[in-house]
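Here's the letter readout for the chains.
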Amino acid sequence: MRTVRVGNGSAYWGDMLDPAIELAAHGELDYLGLDHLAELTLAILQRTKAQNPQQGYIPDLAPWMEALLPISRRTGVRLITNAGGANPQAGAQAVVDLARRLDLDGLRIGVVTGDDVLPLLDRLVADGVRLVNLDTGEEGLDRIRSRIVAANAYLGSDPIVEALKGGADVVITGRVTDSALAIAPLLREFGWGGPPADWDRIGAAIIIGHILECACFCTGGGSNQWREVPEPWRIGFPLAEVAADGTAVITKVPGSGGLVTQWTVKEQLTYEVTDPTAYVTPDGVADFTGVQVEEVGPNRVRVTGMRGRPKPNTLKVCIGYWDGWIAEGLLLFSWPDALAKAQRAEEIVRRRLQYLQVPVEDIRFDYVGVNTLHGAVAPPPSGDLNEVGLRISARCPTPEAADAVRREATHLWTLGGVGTAFGVPFRPRPVVALWPTLVPRDAVVPRVEIHTV
């Protein structure tokens, strides 16, 4: 039975490049996806684009392509990345310029745009779209409209498939779902998108893409199996051998570090899944409840039993908006009485801010080594701790207020108990908050262009 080999060489902006090079050179791949976006990345990139219209794409795009394009030309692997960020066209032009410098004549680069819906927001409101905040239930954008800096819809695999059908060797997108980078090759190669659409096969593609999308998370990174993971310092990233019947074997490059077992795959299967019966994406709705996971060899896990249903009528949009300024400080307190000193330091800061009437919208104190990760459910420590850290973070309405909080944190160097140490002061920085919502699918129109070097 025919198979297609799809790998994932990145999980986020700033991920490791060497596993992607290993996949491209030795994975015998047909396609390599490179995911660089998180939910608020587009707001950060929009700020960059506003300062320079030729920027706004992920800065890693050019160095990664410089490393991977010569390999992909030799091996025939096609590259798909969302590193176009807030400016896919400028990112594509940078890759065109790079390809010319590398003498990669004939390289075809597909560009997917249309995810930026910021210009459409007022029209959507006028058309009666409620734009309900999916996290809070708040309806309408009146409170934040003047502070919005970005609004991007999650596109699916359709425009990527179109670019691949147009002969693209490289596809550069803006905001698409992480899994779309793997879904698109499978729909392109097997024709599962129809017509008529094969929803169970599309469900399989969604689940396979979900398994791959966080890169080393299914090869032993961030795993409960961390003690058993061989050589994590040179961890291999995952690839899937996908058959035309919708089954897949998850594996990695032979000899690479890391581990692929039923448990590492199951950990990623359940990651960020709130309803396993209905995992909603722009490409369809996947059902995880029938998935079977079986180890069929060393670092080889077979996945079967995936199902799916038709795609939703709406698309998720992430709206980023200015929401004040953040101030941070970090103190370290030594034995004896480290925790008591940290608690006294919290009291000092709270009273200083009240005394100086500094406007603070939200503030929190985390005790590093005590409750930073577990918060209120952390049990009280026993004994006299060697050291305790105190992280202070506050959201303020103005940069001046944030700077005042930062200064009060630094004052603990002298106001704190004996043995207080202070780290390098953090600069106040603007906060971009997230407003997730839904819009009608037909309001978002993806566009595809092909550039030839």
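In case you missed it, the structure is sitting above this.
All values reported here derive from a predicted model rather than from experimental measurement.

### Notes on the side chain of Asn371
Of note, Asn371 is situated in the loop between strand 15 (362-368) and strand 16 (387-396). Within polar-contact distance, the side chain of Asn371 engages the backbone nitrogen of Tyr367 at 2.8 Å. Aside from chain neighbours lying at most four places away, what touches Asn371 is Asp366 and Ala378.

### Some remarks on the sheet that holds strand 13 (residues 307-309)
The strand order across the open sheet built from three strands is 9-10-13, with neighbouring strands paired in antiparallel fashion. Edge strands, defined here as strands with exactly one partner in the open sheet, are strand 9 (279-281) and strand 13. Strand-to-strand twist of the sheet, defined as the mean angle between neighbouring strand axes without regard to direction, takes the value 30°. Alignment of strand 9 against strand 10 (residues 284-287), held across three bridges, turns out to be antiparallel. If you follow Thr281 over to strand 10, its bridge partner there is Gly284.

### A short note on unusual backbone geometry
Gly194 connects to Pro195 through a cis peptide bond whose omega is 5°. Following Trp335, the chain continues to Pro336 via a peptide bond in cis, the omega torsion being 0°. Among the structural elements, Pro336 can be located in the loop between strand 14 (314-334) and helix 10 (338-356). Positive phi, normally seen in glycine, also occurs at Glu28, with a value near 50°. Note that Glu28 resides in the loop between helix 1 (18-26) and strand 2 (31-34). A positive phi is found at Gln357, a non-glycine position, where the angle reads about 55°. Tracing the chain through its elements places Gln357 in the loop between helix 10 and strand 15.

About the criteria used
The numbering scheme is per chain: residues are counted from 1 as the chain's sequence reads. Two thresholds apply to this predicted model, a pLDDT of at least 70 for residue-level local features and 80 or more for giving and counting side-chain atom pairs, whereas whole-chain, interface and lining totals are computed over all residues. Computation of side-chain values covers all heavy atoms of the structure but excludes hydrogens and water. Secondary structure elements follow DSSP: runs of H or I of four or more residues count as helices, runs of E of two or more count as strands, with numbering from the N terminus. Polar contacts, as counted here, are pairs of nitrogen or oxygen atoms within 3.5 Å of one another; within protein the pair requires one atom able to donate a hydrogen and one able to accept it, and residues that are adjacent in sequence qualify only if both atoms are side-chain atoms. Working rule for contacts: check all heavy atoms of both residues, and any pair within 4.5 Å makes them a contact. DSSP bridges decide pairing: two strands pair if at least two such bridges lie between them. Axis definition: a line fitted to C-alpha atoms, limited for helices to the stretch in contact. Angles are taken between N-to-C directions and run from 0 to 180 degrees.

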